[in-house]
Amino acid sequence: MARSRYRRPSALVVLGAMVLDELLGDPANRWHPVRWFGIGVDRLEGHVYADSRASGAALWSLALVPSLVLPPLLWSGGRIVEALGLWLTLGGRSLVREAEALAALLEAGDLSGARLRLGNLVGRDTAGLGVEEIARAAIESLAENTTDAVLGPLWWYAVGGLSGALAFRSSNTLDAMVGHQNRRYQNFGYFSAKVDDLAVTPAAILGVIVSWLGAHGEQRRRISRLITLAPQHPSLNAGLIEAAFAGTLGVDLGGVNHYRGRAVSTPRFLGGSPPDVRALRGASRLSRQVAWMSALVAILAIIAGS
């Protein structure tokens, strides 16, 4: 009986996890559970891989087992241990720190260093990018990863407790590992990619809502106008949150990106002016604002449901 009382989502756990993320950011990479998860998935893939969607679904199912097994072990440690578990699914503060470090390089005029650092945030080709394109890439990554690394875990914790948050982060990591549309993963990664799309959608919608609530006047009008373009984006979820960021910041996002030489076009979210270092700094502040407003929504939802 004592263990069961820790299964319901807790507003205090959300607050504690957000404070830990704000103060500490992610653990060092070598100690981060996501890294261990990735190592495990690599080994598991070697045993189950086949060029089929069924094999990809099997990988997803097996990889999410720890999300169901670990929470009961953590509940016995009380709310503090549960908050530590939720904190490990968050990555908002480290994301902002990376963007701020990139902004500092741009302000110092170190374009080669900025291009190299940008590789920590994006998967697109960075060679030859100028200040405007570096800032655009970083803002778009901030927007999308705020959804993946903060809003998603918070949403699914509020819905399904610690198992929900861990399952979301595991599924999101799986998509990053095998969801690519290349020859090896076109079929094998199909299931992981589709599940992640579905799981991220409510978080992306939440991001748009809290962005709109935190905006005013012309910002709200821009957001309302730009989100109509989101369905044209290769990823609807990325399109939604990029539109919200472009409208709030009043900057132009979207365009043509290159991935290993392959051009991918996204809709142009014309918020007002080309992105620059100042806009990148603003995007860092906006990311934190959206994260904390979403945490408040999660807290209120948990209280209302208790």
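Above this text you will find the structure in question.
First things first, this report covers the structure right here in the doc. Residues take numbers from 1 onward in each chain, read along the sequence in its written order. Note on the predicted model: pLDDT of at least 70 is required for a residue's local features to be given, and 80 or more for side-chain atom pairs to be given and counted; whole-chain, interface and lining totals, by contrast, use all residues. As a rule here, side-chain values come from all non-hydrogen atoms in the structure, and water together with hydrogens is ignored.

With respect to the pairing of strand S3 (residues 262–265)
In plain terms, the rule: Strands are labelled as partners when DSSP assigns at least two bridges between them. Helix and strand labels come from DSSP, where a helix needs a run of H or I of at least four residues and a strand needs a run of E of at least two; each type is numbered from the N terminus.
Two strands pair when backbone bridges link them, and strand S2 (residues 256–259) and S3 are joined in this way by four bridges, in the antiparallel orientation. Bridge pairing in S3 places asparagine 257 opposite valine 264. Counted along the chain from S2 to the antiparallel partner S3, the turn is two residues long, and its residue arginine 260 has a positive phi close to 55 degrees.

A closer look at helix H12 (residues 236–249)
Note: α-helices contain 3.6 residues per turn, so residues at a spacing of three or four share the same orientation. Our working definition: A helix is expected to span 1.5 Å multiplied by its residue count minus one. Whether a residue is buried, partly exposed or exposed follows from its accessible area with a 1.4 Å probe, protein chains only, as a fraction of its type maximum: under 20%, in between, or over 50%, in that order.
In this model, H12 (14 residues) spans 20 Å end to end at C-alpha, consistent with the 20 Å of a helix rising 1.5 Å per residue. Most of H12 is tucked away, with twelve of its 14 residues classed as buried. Among all positions of H12, only Asn237, Ala238, Gly239, Leu240, Ile241, Glu242, Ala243, Ala244, Phe245, Ala246, Gly247 and Thr248 are buried. The positive-phi residue at the C-terminal boundary of H12 is glycine 250, with phi of around 70 degrees.

Quick look at the pattern of salt bridges
Close approach of charged atoms allows side chains with opposite charge to pair. This is how the line gets drawn: Each salt bridge in this description consists of a side-chain nitrogen of Lys or Arg and a carboxyl oxygen of Asp or Glu lying within 4 Å of one another.
Tallied over the entire structure, the rule returns nine salt bridges. One salt-bridge network, held together by shared partners, links Arg124, Glu133, Arg136 and Glu140.

Description of the nonpolar core
Note the cut-off: For our purposes a nonpolar core is just a set of buried Ala, Val, Leu, Ile, Met, Phe, Trp, Tyr and Cys residues, chained together by side-chain atoms within 4.5 Å. The criterion used for residue contact is that any of the two residues' heavy atoms lie within 4.5 Å.
Core analysis: the largest hydrophobic core is formed by 62 residues, its most contacted members being Val14, Phe245 and Leu280. Per element, the largest residue contribution to this core is 14 residues, and it comes from helix H8 (residues 131–178). Ignoring anything within four residues of it in the chain, the contact list for phenylalanine 245 reads Ile139, Ala143, Thr146, Gly250, Leu253, Ala283, Leu286, Ser287 and Val290. With twelve residues, the next largest nonpolar core counts Phe37, Leu59, Leu174 and Val178 among its residues.

Focus: the packing of aromatic side chains
Heads up, the condition is: Aromatic rings from Phe, Tyr and Trp, with only the six-membered ring used for Trp, were paired whenever their centres fell within 6.5 Å, and each pair was classed as stacked if the ring planes differed by under 30 degrees, edge-to-face if by over 60, and tilted otherwise.
Scanning the entire structure with this criterion turns up three aromatic pairs. The interplanar angle of 70 degrees and the centroid separation of 5.4 Å between the aromatic rings of tryptophan 60 and phenylalanine 191 together place this pair among those described as edge-to-face. Of this pair, tryptophan 60 sits in helix H3 (residues 53–63) while phenylalanine 191 sits in helix H10 (residues 190–214), and the two are 131 residues apart along the sequence. On the basis of relative accessibility, which here comes to 31%, the residue phenylalanine 191 falls in the partly exposed class. One aromatic cluster is present, built from ring pairs that chain together Tyr49, Tyr185 and Phe188.

Let's talk about a nonpolar patch on the surface
Here is the rule: Patch criteria: residues need more than 30% relative accessible area and no salt bridge. Like-charged residues are merged within 9 Å; nonpolar side chains of Val, Leu, Ile, Met, Phe, Trp and Tyr are merged within 5 Å. Accessible surface area values rest on a Shrake-Rupley calculation with a 1.4 Å probe, where residue burial reflects the displayed protein chains alone.
On the surface, Leu12, Leu15, Val19, Leu23, Leu24 and Trp292 cluster together to form a nonpolar patch covering roughly 580 Å² of accessible area. Per-element tally for the nonpolar patch: the top contributor is helix H1 (residues 11–24), with five residues. In this structure, leucine 23 sits in helix H1. Since its relative accessible area comes to 61%, leucine 23 is described here as exposed.

What about the side chain of threonine 89?
The condition is simple: Contacts described as polar in this section are N or O atom pairs within 3.5 Å, which, within protein, must combine one atom able to donate a hydrogen with one able to accept it, while residues neighboring in sequence count only if both atoms come from side chains.
Residue position: threonine 89 is located in the loop between helix H5 (78–87) and helix H6 (92–107). Within the structure, the side chain of threonine 89 is placed 2.6 Å from the backbone oxygen of leucine 86, a separation counted as a polar contact. Residues within four places of threonine 89 in sequence aside, it is in contact with Ala149, Pro153, Ala165, Leu166 and Arg169.

Brief notes about the packing of H6 against helix H7 (residues 111–118)
Using the following cut-off: In this description, a line fitted to the C-alpha atoms serves as the axis of each element, helices being fitted only across the stretch in contact, and the angle between N-to-C directions of two axes falls anywhere from 0 to 180 degrees. For this classification, under 35 degrees means roughly parallel, over 145 means roughly antiparallel, 65 to 115 means roughly perpendicular, and everything else is oblique. For any pair of crossing helices, the crossing counts as left-handed if the nearer helix is rotated counterclockwise from the farther one by less than a right angle, and right-handed if it is rotated clockwise. The residue classification treats Ala, Val, Leu, Ile, Met, Phe, Trp, Tyr, Cys and Pro as nonpolar and Asp, Glu, Lys and Arg as charged. All others, Gly included, are polar.
At a minimum axis distance of 8 Å, the contact between H6 and H7 shows a crossing angle of 165 degrees. The orientation of H6 with respect to H7, classified from their angle, is roughly antiparallel. In terms of crossing hand, the pair formed by H6 and H7 is left-handed. Contacts from Glu98, Ala101, Leu102, Leu105 and Leu106 in H6 reach Leu111, Gly113, Ala114, Arg117 and Leu118 in H7. When its residues are assigned to classes, the contact of H6 with H7 shows seven nonpolar, one polar and two charged.

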